[in-house]
There are 2 protein chains.
Amino acid sequence: MPSTNLTFAHRDEHRAWLASQGALPAGFRVGTTRFDFMPAEAPKPAKMTLTLLTLEQPTPSFAALFTRNAFPGAPVIVGRKRLAEPTLGAVIINNKISNVCAPGGVEASERICAATAAQLGLAPGQILPCSTGVIGWTLPVDAMIGALPQAAAALTNASILPAAEGIVTTDLYPKIRRATVGGGSIVGIAKGAGMIEPNLATMLVYILTDIAVPRTELRPMLARACDASFNAISVDSDTSTSDTVVALSSGRVPFTDWGAFERGLHQVCRDLAEDVVRNGEGVRHVIRVTVRNAASLGLARALGKAVVNGPLFKCAVAGNDPNVGRLIQAIGKHVGAHAPGTNLSQLSAKLGGVEIFARGVFQLNPEKEKALVAHLRDAELYQSAPPKDGVFSAPIDFPPHERCVDLEIDIGNGAASATVIGGDLTHEYVSENADYRS
Amino acid sequence: MPSTNLTFAHRDEHRAWLASQGALPAGFRVGTTRFDFMPAEAPKPAKMTLTLLTLEQPTPSFAALFTRNAFPGAPVIVGRKRLAEPTLGAVIINNKISNVCAPGGVEASERICAATAAQLGLAPGQILPCSTGVIGWTLPVDAMIGALPQAAAALTNASILPAAEGIVTTDLYPKIRRATVGGGSIVGIAKGAGMIEPNLATMLVYILTDIAVPRTELRPMLARACDASFNAISVDSDTSTSDTVVALSSGRVPFTDWGAFERGLHQVCRDLAEDVVRNGEGVRHVIRVTVRNAASLGLARALGKAVVNGPLFKCAVAGNDPNVGRLIQAIGKHVGAHAPGTNLSQLSAKLGGVEIFARGVFQLNPEKEKALVAHLRDAELYQSAPPKDGVFSAPIDFPPHERCVDLEIDIGNGAASATVIGGDLTHEYVSENADYRS
C-alpha cells in the first residue's frame, strides 16, 4: 500500500486532491505549452506538450538516474553528460516522441537545450532534456523551439500540477506525491503506464525539494530510494529506453537530518512507483508481493518479479480467479531456472491473508476459495465490460481506491525480504497495445 | 519454418494429413479411453482421457527429460526415478489433472503405475506415469484404475493418432510429426498450448522409433535435440510443472548411422516444437527470430527469447503493427540487464526480409512500412473478431498455413547463432486465461 489509503468517487475529487498536493517547493517554477506539429514519419498532424521545470537559481544539488536499456534515448545520452556539470538550471520535457535511435537524435536534443538556455539566460549545459513517446520518430525541433516562448511565458511558482499533466502519454491521470520534512517539502511527479519494468528508474520522474541537500548526499540517496521503489515495480516486464528520474534541490531550506530527508524521499518514490502501477496500461488489479525469509535480497526481489510478470498468473488475477497453481508455477519457474539449489520445502504462501500453500502442498478448500475470490474482487479497480467494437478501455480516469491483491510468500530459509508491485494482464492492456497504432 | 510448408483449408484436410503421418513404428501399441469422474476440489463432474503407450517387448532403450520447474509434478518425480530402471514397458498418461503439489501425489502416481503394470503383466518400475492439466487438484485414482481395462482393450498397432488426440488439454488440434530414417521411422506427438517456455522439455512429448538405438546414445541425442527445439520456444514465458519429453526405441530395425538418426530426431523435435507454438493459446502469429553473429549461443538464444517474450512487441504483432521501436526496446532491455558490455553498434535487424535497423538507427520509410504490414498480415493465422460476449476464441481448429513473422537480428560481433520461436499476445490469450476458470 502507499503511505496513504485514499478513495476517490470521481475524477474531480482526485484532481482536487492532486491540487492539494501540488504546491511547489520554494525556488522552483513550472510552465507548459501544447502545440500541433507534423511528424516526419506519419501522414497526419500530432500534438505535443512542452514542459519547463526551472530553478530560480541554478543548483549544484541535482541527481539523475537513467534507464539501463542498451538502446537509450538521445536525451538519456545527453542527460548522462549533464551529471558532470557544476549546476543545473532547468529541465525541458516533451511527450509524444521519445527521440530513441532516430537519425541525428543527440544533435536534436542539444539544439533544444541551446534554445531553452537562450530563452532562460542560461548555458546549454545547465539544461537537462527529456523526451517520452514513440520510439524511432525524429523530434520536430523547429516546432519545439517555436513553442518555447509560450512555455516560458507560462512559468509560475504556484503548483506542479501543470507539469504532472504536461508529461503524460498513455497515463489515465497525473501523479503527484509529497512529503513534508523539517521546514521544507519533497514533491514528486511521474509519468508512465506501459513499457514499465524500470531498471534504475521509471519512465519520467521529477522530484523537487527546497531542502538543502548537497549533491554528494542526494545522489546515493536517490539511487537507494529508486532501488526500493521504481526498481521494484513491473507493469509489463518491458524496460523503457527513456527511463529517467531527476531530483533537484533549490537549497532554500537549511536542514541537516539527512536520515529524515531520505525517509521522506523513499516515501515519495514508493508512493509514485505504486501510482505508476495503479495507472499502468490495462491494470485492473494492483498486485503487491512481499517475499520474506529469502536467502538474499536479490532472490526475494526476483521471486516477486517472477510472480508479477507471470502472464498466466496475471490473467488469473484479471479474472478474479485465485488460480494458485499458476502462482506456484511462477515461483518454481524462477527457482528452477535461476536458483536451482534453493530449498523450497518450507515455503508457505498467503493470498489476502489466507494460507494457500505450506510445506510443499496446497492448503485449499471451498471456503478458502470463496475468501480468495472476495479478496480479488475487493482489489479490482473497475469491472471490465465487453465493448461493441471489441476495443477495451478503462471507464475511469482516476484511482477509485488504493487496495491491492496482497500476496505473502515466506521462503523460510533466509533473512532477506522485498516487496514488488505489479499489475494484472487484461483485455484493456491488449487493446491499448494491439488494437490501434500507438 | 518447419521442415514442411503445408497449408490446410479445412479441419478434415488437416486430420487426413495427421492420419497419414501417424503409422506406428514397429513394436508399439496405443490405446485410449475417456471417462467421467467427480473431482475432489470442484462441484461438478469432469472428463479425463487415459492414454496407454506400450511396447510389445520392454526396452532398455529409453530416454526422458523433465521440467526444471522447482515444483515438479508427482509424475515427474516418479519419472526421474524410472531413468535408473533397466527397461520400460509402457507409458500411462492422463489429461485434466496434472498432479502437482497435491497431497499424496507421488503415492497416487505409484498406484496408477502398479495397476497399469498388473493390467499389462509388467512390473510397476516398468511404467512411466505422466499427468497434465489443473495444478493442485488430486488425481481420481480409483476412477482411473477402473478405466484402465478399457484403455488396454483399445490397444492397437495401427496409428498414434488416438494418443495424439488423447493427451490434449487446451490444444486446438493434435500434433504428429515423423521422419523416415534407414528402414525405420521416428514418430513424435506433442501436447501443449499454454504455460509454454519449456526448460528442458515442453508439456508432454512422446517420440517412438523402431530403430535400434542404445540408451547410451539415445539419451544425449534427445537432450541435444530438445535444446535446439523445445528449449527454444516460448508461448507465454511460463514454465510448466509437468514438462516431459520421452523417447522410446523398440529396437526392431537395426541401424548404425547415428548421425542420420540424430538428424531425423532433431527434425521431428523442431517440427513438433513449432507446432506447439502455432497451436499456442491465443497465438495468431508465429514469430521466428534468428539471431546471428552473437558472442555466444546463450546470448543469441536469450535475445531471441527477449523478443518473443516482450509483451509490447507481441501485442504489436497481434495488431499487424510493425512497431519496431518495441523490438529494439526488447533487445536493449535484455542486453542492458544481462549483458551490459555487449557492443550493439553493428546491430542490424530485418523484418520479413526488410532492413529496419542498422548501425544504431532505424532505417524506415513509408514504403517499407507498407511491406512490413503486408508481411505481418500474410503470417496471421486468422483474423480476430470482437465477439458479442467479449470472450474471444479461435475460429479454427487446424493450422491454415506454416508461415511465420520472420525476424533476423545480426549482432555483428561474434559467431554464434540461434533460432527462437514464439507467438503474439492477443485477446484470445487473455480470454483463454482470464475470462473463465480453467
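These numbers come from a predicted model, not from an experiment. (Residues numbered from 1 in each chain as written. Chains lettered and ligands numbered in written order. Predicted model: local features only at pLDDT ≥ 70, side-chain atom pairs only at ≥ 80, totals over all residues.)

Describing the overall build of chain A
Reasoning step 1: Along chain A, the regular secondary structure elements total 12 helices and 16 strands.
Reasoning step 2: Its C-alpha atoms give chain A a radius of gyration of 22 Å, near enough to 22 Å, the size a compact globule of 438 residues would have.
Reasoning step 3: For chain A, the C-alpha atoms occupy an extent of roughly 70 × 55 × 40 Å along the three principal directions.
Reasoning step 4: Counting every position in chain A, which comprises 438 residues, the buried fraction comes to 59%. (Helix = DSSP H or I, 4+ residues; strand = E, 2+ residues; numbered from the N terminus. Rg over C-alpha atoms; globule rule 2.2 N^0.38 Å. Buried ≥ 20, exposed ≤ 12 C-beta atoms within 10 Å, placed from the backbone.)

Things to note about the sheet that holds strand E1 (residues 28–37) of chain A
Residue and element names in this part refer to chain A.
Reasoning step 1: Taken in spatial order, the 4 strands make up an open sheet running E1-E2-E4-E5, and their pairing is mixed. Every other strand in the sheet has two partners, leaving E1 and strand E5 (127–131) as the edge strands with one partner each. The sheet shows a mean angle of 15° between the axes of neighbouring strands, taken without regard to direction.
Reasoning step 2: Sheet topology places strand E4 (residues 88–94) next to E5; 5 bridges connect them, and they run parallel. For Ala90, the partnering residue across the bridge sits in E5 and is Ile127.
Reasoning step 3: In the packing of helix H3 (residues 105–120) onto the sheet, the strands contacted are strand E2 (46–59), E4 and E5, and the crossing angle to E5 comes to about 130°.
Reasoning step 4: Strands E1, E2 and E4 of the sheet are contacted by helix H4 (residues 141–153), whose axis makes an angle of about 140° with E1. (Pairing = 2+ DSSP bridges. Axes fitted to C-alpha atoms, helices over the stretch in contact; angles between N-to-C directions. Contact = placed C-beta atoms within 7 Å.)

Re the interface of chain B and chain A
Reasoning step 1: Counting residues at the interface gives 59 residues for chain B and 58 residues for chain A.
Reasoning step 2: Of all the secondary structure elements, the ones that give two or more residues to the side of chain B that touches chain A are helix H9 (311–318), helix H10 (324–338), strand E14 (361–362) and helix H12 (427–434) of chain B.
Reasoning step 3: Ranked by residues supplied to the side of chain B that touches chain A, first place goes to H10(B) with 10 residues.
Reasoning step 4: Among the residues forming the side of chain B that touches chain A, the class breakdown is 28 nonpolar, 22 polar and 9 charged. (Nonpolar A, V, L, I, M, F, W, Y, C, P; charged D, E, K, R; others polar.)

Points about the sheet that holds strand E3 (residues 62–66) of chain B
All names here are of chain B.
Reasoning step 1: Ordered by their spatial adjacency, 5 strands build an open sheet running E3-E10-E8-E7-E6, and the pairing between neighbours is mixed. Here the strands that pair on one side only, and so sit at the sheet edges, are E3 and strand E6 (175–181). Between one strand and the next, the sheet's axes are offset by a mean angle of 10°, whatever the strand orientation.
Reasoning step 2: Packing of helix H7 (residues 258–278) onto the sheet brings it into contact with E6, strand E7 (184–191) and strand E8 (204–211), and relative to E6 it is tilted by some 165°.

A few points about the relation of the copies chain B and chain A
Reasoning step 1: Of the transformation superimposing chain B on chain A, the axial component is 0.0 Å and the angular component is 180°, with the fit at an RMSD of 0.0 Å. Viewed as a symmetry operation, the transformation between the two copies matches a two-fold axis. Within chain B, B:His427 has its C-alpha nearest the rotation axis, a separation of 2.9 Å. (Least-squares fit on C-alpha atoms with pLDDT ≥ 70 in both.)

Considering the domain arrangement of chain A
All names here are of chain A.
Reasoning step 1: Assigned domains of chain A: these are domain 1 (11–278) and domain 2 (286–434).
Reasoning step 2: Each of domain 1 and domain 2 was reduced to a C-alpha centroid, and the two centroids are 31 Å apart.
Reasoning step 3: Between domain 1 and domain 2, the contact holds 15 residues from the first and 17 residues from the second.
Reasoning step 4: Among the elements that line the side of domain 1 that touches domain 2, the one with the most residues is helix H7 (residues 258–278), at 4 residues.
Reasoning step 5: Within the side of domain 1 that touches domain 2, the residues separate by chemical class into 7 nonpolar, 5 polar and 3 charged. (Domains from an automatic or database assignment.)

Let's talk about the pairing of strand E12 (residues 348–351) of chain B
All names here are of chain B.
Reasoning step 1: Judged by which residues are buried, E12 turns out to be one-sided: Ala349 and Leu351 face inward and are buried, whereas Ser348 and Lys350, on the alternate face, are not.
Reasoning step 2: In the sheet, E12 pairs with strand E13 (residues 354–358) via 4 bridges, with the strands oriented antiparallel. Bridge pairing links Leu351 to Val354 in E13.
Reasoning step 3: Between E12 and E13, which pair antiparallel in sequence order, lie 2 residues; one of them, Gly352, sits at a positive phi of approximately 60°.
Reasoning step 4: Where E12 and strand E15 (residues 405–410) come together, 4 bridges link them in antiparallel fashion. Residue Lys350 lies in a different strand from E15, and its bridge partner there is Glu408.

Details of the confidence of the model for chain A
Reading fine detail from the predicted coordinates is not recommended where pLDDT is low.
Reasoning step 1: This prediction gives chain A a mean pLDDT of 92; 98% of its residues lie at or above 70.
Reasoning step 2: Interface predicted TM-score (ipTM) for the complex: 0.86; the corresponding pTM is 0.88. (pLDDT = per-residue confidence, 0-100.)

Some remarks on the environment of B:Ala193
Residue and element names in this part refer to chain B.
Reasoning step 1: Here Ala193 lies in the loop between E7 and E8.
Reasoning step 2: Distance from Ala193 to Gly282, taken between C-alpha atoms, is 8.7 Å for residues 89 residues apart in sequence.
Reasoning step 3: Once you skip the residues sitting within four places of it in the chain, Ala193 turns out to touch Thr170, Asp171, Asn279, Gly280 and Glu281.

Remarks on helix H10 (residues 324–338) of chain A
Reasoning step 1: With 15 residues, H10(A) should reach 21 Å at 1.5 Å per residue; the first-to-last C-alpha distance of 21 Å fits that figure.
Reasoning step 2: Extensive coverage of H10(A) is indicated by the burial of 13 of its 15 residues. (Expected span 1.5 Å × (residues − 1).)

Overview of the nonpolar core
Reasoning step 1: Counting 266 residues, the largest nonpolar core has A:Ile160, A:Val307 and B:Val307 as the members making the most contacts within it.
Reasoning step 2: Those residues in contact with B:Val307 that lie beyond four places of it in its chain are B:Val289, B:Phe313, B:Leu327, B:Ala330, B:Ile331 and B:Leu407. (Core = buried A, V, L, I, M, F, W, Y, C linked by C-beta atoms within 7 Å.)

Some words on the packing of helix H8 (residues 297–308) of chain A against H10(A)
All names here are of chain A.
Reasoning step 1: Where H8 contacts H10, the two axes come as close as 9 Å, and the packing angle between them is 130°. Between H8 and H10, the angle falls in the class oblique. Between H8 and H10 lies a crossing whose hand is right-handed. When H8 is examined against H10, the residues Ala302, Leu303, Ala306 and Val307 are found in contact with a partner set consisting of Leu327, Ala330, Ile331, Lys333, His334 and His338. (Parallel < 35°, antiparallel > 145°, perpendicular 65-115°, else oblique. Left-handed = near helix turned anticlockwise from the far one by under 90°.)

Here's the deal with the environment of B:Pro174
All names here are of chain B.
Reasoning step 1: As for its position among the elements, Pro174 is in the loop between helix H5 (161–166) and E6.
Reasoning step 2: Judged by local crowding, Pro174 falls into the buried class, with 23 C-beta atoms found within 10 Å.
Reasoning step 3: For the pair formed by Pro174 and Leu161, sequence separation is 13 residues and the distance between their alpha carbons is 7.8 Å.
Reasoning step 4: Look past the residues within four positions of Pro174 in its chain and what remains in contact with it is Leu18, Leu161, Ala164, Glu165, Val168 and Ile189.

Considering the packing of helix H9 (residues 311–318) of chain A against H10(A)
Residue and element names in this part refer to chain A.
Reasoning step 1: Taken N-terminus to C-terminus, the directions of H9 and H10 make an angle of 155°; their axes are 8 Å apart at the nearest point. On the basis of the axis angle, H9 is roughly antiparallel to H10. Crossing of H9 against H10: the hand is left-handed. Two secondary-structure elements touch here, H9 through Leu312, Phe313 and Ala316 and H10 through Arg326, Leu327 and Ala330.

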